[in-house]
Amino acid sequence: MLETANDAQMAWSVFFVYRDREHIRFLLQSIFVENDDQDVVDAHLDQTADLWVIENGRRVGHVDLHSLISIHDDAGSRQVLLDWIRFDQLVPASLTGSVLGHGEELRLLAVQEDFPDTQSNLPLLYPDTPIGYGMQVWVDGDLTDQPYEVYPDPDPAGMD
């Protein structure tokens, strides 16, 4: 699960819950590298970008995705690069247990124990507001799965 969050003026997070490492790679590529809207890229660079590896309902890993991002400004041409080799080293290609699909909810078994002292907003949601497969936005207590045009869906419904 990729979580981007910002608590500057109000607490909010965008959750991307997908079952495949390539789905996350696609999102990162489209958000940071291939995005023509520099305001969107800059907004994401100012937010957290945490990949929470969830296996059998428990957090088993964490990657601060900002550690994989570098920005190069060459002759006024800014380029955002991602270290895909390190991404592949840090992010498991597959997990044990069942994987989520469209219409299913992520079940976190011990969110308070698995996310202490993190910048994640997950402890504020669970157990009352579980997150489903796909993209959801949480803003000050309200969760919506309203799709946003700035985020392409790496696993659209019907493609299973």
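Our structure's up above, just so we're on the same page.
Treat the numbers as computed from the prediction; the structure is a model and nothing was measured. (Residues numbered from 1 in each chain as written. Predicted model: local features only at pLDDT ≥ 70, side-chain atom pairs only at ≥ 80, totals over all residues. Heavy atoms only, no water.)

Colleague: Describe the nonpolar core, naming the residues involved and giving the relevant values.
Modeller: Formed by 41 residues in total, the largest nonpolar core has its most connected members in Phe 16, Leu 65 and Leu 122. Listed by contribution, the elements that provide at least two residues to this core are strand 2 (12-17), helix 1 (21-33), helix 2 (38-45), strand 3 (48-55), strand 6 (77-82), helix 5 (122-125) and strand 9 (134-139). At five residues, helix 1 tops the list of elements feeding residues into this core. Here Phe 16 is in contact with Met 1, Leu 2, Ile 24, Leu 27, Ile 31, Gly 134, Met 135 and Tyr 151, once residues within four sequence places are set aside. (Core = buried A, V, L, I, M, F, W, Y, C linked by side-chain atoms within 4.5 Å. Buried < 20%, exposed > 50% of the residue type's maximum accessible area, 1.4 Å probe, protein only. Helix = DSSP H or I, 4+ residues; strand = E, 2+ residues; numbered from the N terminus. Contact = heavy atoms within 4.5 Å.)

Colleague: Describe the side chain of Arg 25, and please don't skip the residues or the numbers.
Modeller: For Arg 25, the position within the fold is in helix 1. When sequence neighbours within four positions are dropped, the list of residues in contact with Arg 25 reads Trp 84, Phe 87 and Asp 88.

Colleague: Let's hear about the pattern of salt bridges: which residues, and what values?
Modeller: If you walk through the whole model with that rule in mind, you get eight salt bridges. Put simply, Asp 155 and Arg 19 hold a salt bridge, and the shortest N to O gap is 3.2 Å. With Asp 155 in the segment after strand 10 (142-144) and Arg 19 in the loop between strand 2 and helix 1, this pair connects stretches of sequence that are 136 residues apart. Connected through salt bridges with shared partners, the residues Arg 21, Glu 22, Arg 25 and Asp 88 form a single ionic network. (Salt bridge = Lys/Arg side-chain N within 4 Å of Asp/Glu carboxyl O.)

Colleague: Can you break down helix 1 residue by residue, with the values?
Modeller: With 13 residues, helix 1 should cover 18 Å at 1.5 Å per step; its first-to-last C-alpha distance of 17 Å lies within 8% of that length. Looking only at helix 1, the buried set comprises Arg 21, His 23, Ile 24, Arg 25, Leu 27, Leu 28, Ser 30, Ile 31 and Phe 32. Put simply, Asp 20 is the residue that caps the front of helix 1, since its side-chain oxygen is 2.6 Å from the backbone nitrogen of Glu 22. (Expected span 1.5 Å × (residues − 1). Polar contact = N/O pair within 3.5 Å; in protein donor to acceptor, adjacent residues only side chain to side chain.)

Colleague: I'd love a proper account of the pairing of strand 3, names of residues and values included.
Modeller: Here strand 3 lies mainly inside the structure; eight of its eight residues are buried. Both faces of strand 3 are covered, namely the face carrying Thr 48, Asp 50, Trp 52 and Ile 54 and the face carrying Ala 49, Leu 51, Val 53 and Glu 55. Note: strand 1 (residues 2-6) against strand 3, four bridges, orientation antiparallel. Bridge pairing links Glu 3 to Asp 50 in strand 3. (Pairing = 2+ DSSP bridges.)

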